[in-house]
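Residue-level structural notes
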Amino acid sequence: MGVSFFLARRLSLSSGGKKSSPAITVAIVAVALSVMVMIWAIAVVTGFKHEITMKVTGFNSDITILSDVSSGGTDAESSILTLTPTLNSIIKDTPGIHSVSLQASAPAILKTPDDFKGVYLKSLSGTGLEKFLSGAIVEGTLPDYSQKDSENKILISSKAANRLRLSIGDSIDTYFITDAVRVRRLAVNGIYNSHFDNYDDSFAYASLGLVQQMGGLSASKGTSLAVAVDDFTRIQEIANNLQTNLLQAYTDETLYRPLRVTTALQSGSAYFQWLELLDMNVAVVLTLMMIVAGITLVSGMLILMVDKIRFIALISALGAPQRIIGRIFMLMAVKVAAFGMVAGNVLAIASLYIQRHTHILPLDPESYYIDFVPVEINWTSILLLDAGVLLIIWLLLYIPSQFARRAAPARILANE
């Protein structure tokens, strides 16, 4: 191995006295571009998953607890639940639960003199929605519901604001459609745009106290419970355990009514299915780029071996075993691949950092739910990709190494 490594390191990659072989240059460029595209493909899909998951879990809490309406009662009554100390204890005693908060929502109509729009007015305080929506504000600010004077302030989407021609500071008559119609004049404190049209078109946000008051609910009652988990990757396991605990409590008559559990994965199932399709696209891109890099590299090495045929014949005549000759050119090919991989990694990581901080590459939010190409640099994925590329290239190089082994030194040197 020492002789092979020494000769491979000392042997020039040039061809015919030129500074560099065009075939080798093409091979290095092909490997660099292929590695760059593969790293970008992984970074973009990882970024999409992260952004879409954040949006889905932003609008839908990790786990949502609802009343089981199949248990009977009128629709209005059956949808209401109470966060009792017993229920709170059952939830928090379930492993993996981080926090739980009471939520309330009510159907409402936003009405101006010229137009109106139906929405669900949903409580904002005490949930992860606050952090999520604060990053989606396009005008105004997020209402601070810890202040008494913010109780009659709401947050609406840019779609609703455009349709109703509302701006920051405008007041709007809001009709709450519950057991009785109630009206309250509310002020627009902020306008958000998440690019999730299904959610933006349907929801406006207010304080928990306001929604409870206009919905005729006491301070301990709401329409759902928002549960945050410690580890999102275990969300289904945690949800199953929580559902089991709630059913057991109802069976033991610790709880007076059955409750059902849903997860963000279920609420945003269409979006997660779309992300699974992206995984398939990435697999196709990785395969194609690997094929391009491999074929180009093998072709380049074959051309280099033809150019170095006298060297092959000479060391064969001097008694070098065929396995050493094959190993020399495999090591040379790995050197070429390494040049390309280093260049590809540098270009990919530099361009990913630029995209992450400048969002220079835009997207159509109507189609992709986000207005820029999201990227996420995962060093573990990059290292595994580089190791996989190097391994596959090593296996592919068996083809040109066989060419070097089968060279006939007597016939080649006789023709010189």
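Residues numbered from 1 in each chain as written. Predicted model: local features only at pLDDT ≥ 70, side-chain atom pairs only at ≥ 80, totals over all residues. Heavy atoms only, no water.

Turning next to the sheet that holds strand β3 (residues 97-103). Spatial strand order, β3-β12-β1-β13: four strands in an open sheet with antiparallel pairing. This sheet does not close on itself; its edge strands, each paired only once, are β3 and β13 (259-263). Strand-to-strand twist across the sheet, computed as the mean angle between neighbouring axes with direction ignored, equals 25 degrees. Examined bridge by bridge, β3 and strand β12 (residues 224-229) share six bridges and lie antiparallel to one another. Following the sheet pairing, Leu 102 is matched in β12 by Leu 225. Where helix α4 (residues 85-92) meets the sheet, it contacts β1 (63-67), β3, β12 and β13, and its direction lies at approximately 150 degrees from that of β3. Where helix α9 (residues 235-251) meets the sheet, its contacts fall on β1, β3, β12 and β13, and the angle it forms with β13 comes to roughly 175 degrees. (Pairing = 2+ DSSP bridges. Helix = DSSP H or I, 4+ residues; strand = E, 2+ residues; numbered from the N terminus. Axes fitted to C-alpha atoms, helices over the stretch in contact; angles between N-to-C directions. Contact = heavy atoms within 4.5 Å.)

Turning our attention to the environment of Tyr 250. For Tyr 250, the location among the structural elements is in helix α9. Sequence-distant contacts of Tyr 250, defined by excluding residues within four places in its chain, comprise Leu 255, Tyr 256, Arg 257 and Pro 258.

Taken as a whole and judged by the stated rule, the model has four salt bridges. For Arg 185, the salt bridge is made with Asp 173, and the minimal N-O distance between the two is 2.6 Å. With Arg 185 in strand β9 (residues 181-192) and Asp 173 in strand β8 (residues 171-177), this pair connects stretches of sequence that are twelve residues apart. Using a relative accessible area of 26% as the deciding quantity, one classes Asp 173 as partly exposed. (Salt bridge = Lys/Arg side-chain N within 4 Å of Asp/Glu carboxyl O. Buried < 20%, exposed > 50% of the residue type's maximum accessible area, 1.4 Å probe, protein only.)

Counting buried residues in β13 gives four out of five residues, a clear majority hidden from the surface. Both β1 and β13 contribute to a ladder of five bridges, which runs antiparallel. When the sheet's bridge partners are listed, Leu 66 is paired in β13 with Arg 260.

Here we come to the nonpolar core. One recurring pattern in soluble globular proteins is that nonpolar side chains are buried together. If you look at the biggest cluster of nonpolar residues, it comprises 78 residues, and the most contacted ones within it are Phe 59, Leu 121, Leu 133, Ile 156, Tyr 205 and Val 389. Ranked by residue count, the leading element in this core is helix α2 (residues 22-59), at 16 residues. Discounting residues that sit within four places of it in the chain, Phe 59 has contacts with Lys 122, Leu 129, Phe 132, Leu 133, Tyr 192, Ser 194, Phe 196, Tyr 199, Asp 200 and Tyr 205. In terms of nonpolar packing, the next biggest core, distinct from the first, is built from 21 residues, Leu 225, Ile 238, Ala 249 and Leu 259 among them. (Core = buried A, V, L, I, M, F, W, Y, C linked by side-chain atoms within 4.5 Å.)

Checked against the element boundaries, Thr 53 lands in helix α2. When neighbours within four sequence positions are excluded, Thr 53 is seen to be in contact with Phe 48, Phe 232 and Phe 272.

All right, on to the environment of Ile 65 then. Take Ile 65: it is sitting in strand β1. Taking relative accessible area as the criterion, Ile 65 reaches 0% and is therefore assigned buried. Placed 162 residues apart in sequence, Ile 65 and Val 227 show a C-alpha to C-alpha distance of 7.6 Å.

The next point concerns α9. Across its 17 residues, α9 extends 24 Å between first and last C-alpha, which sits within 8% of the 24 Å expected from 1.5 Å per residue. Taken together, the buried positions of α9 are occupied by Ile 235, Ile 238, Ala 239, Leu 242, Gln 243, Leu 246 and Ala 249. For α9, the arc enclosing every buried residue in end-on projection is 135 degrees, short of the 170-degree limit, so these residues lie on one face. Along its buried surface, α9 packs onto β1, α4, β3, β12, β13 and α10 (264-267). With its phi angle positive at about 65 degrees, Glu 253 sits one or two positions after the end of α9. (Expected span 1.5 Å × (residues − 1). Arc of directions from axis to C-beta.)

It is worth stressing that arrangement in space is one thing and function is another; only the former is reported here.
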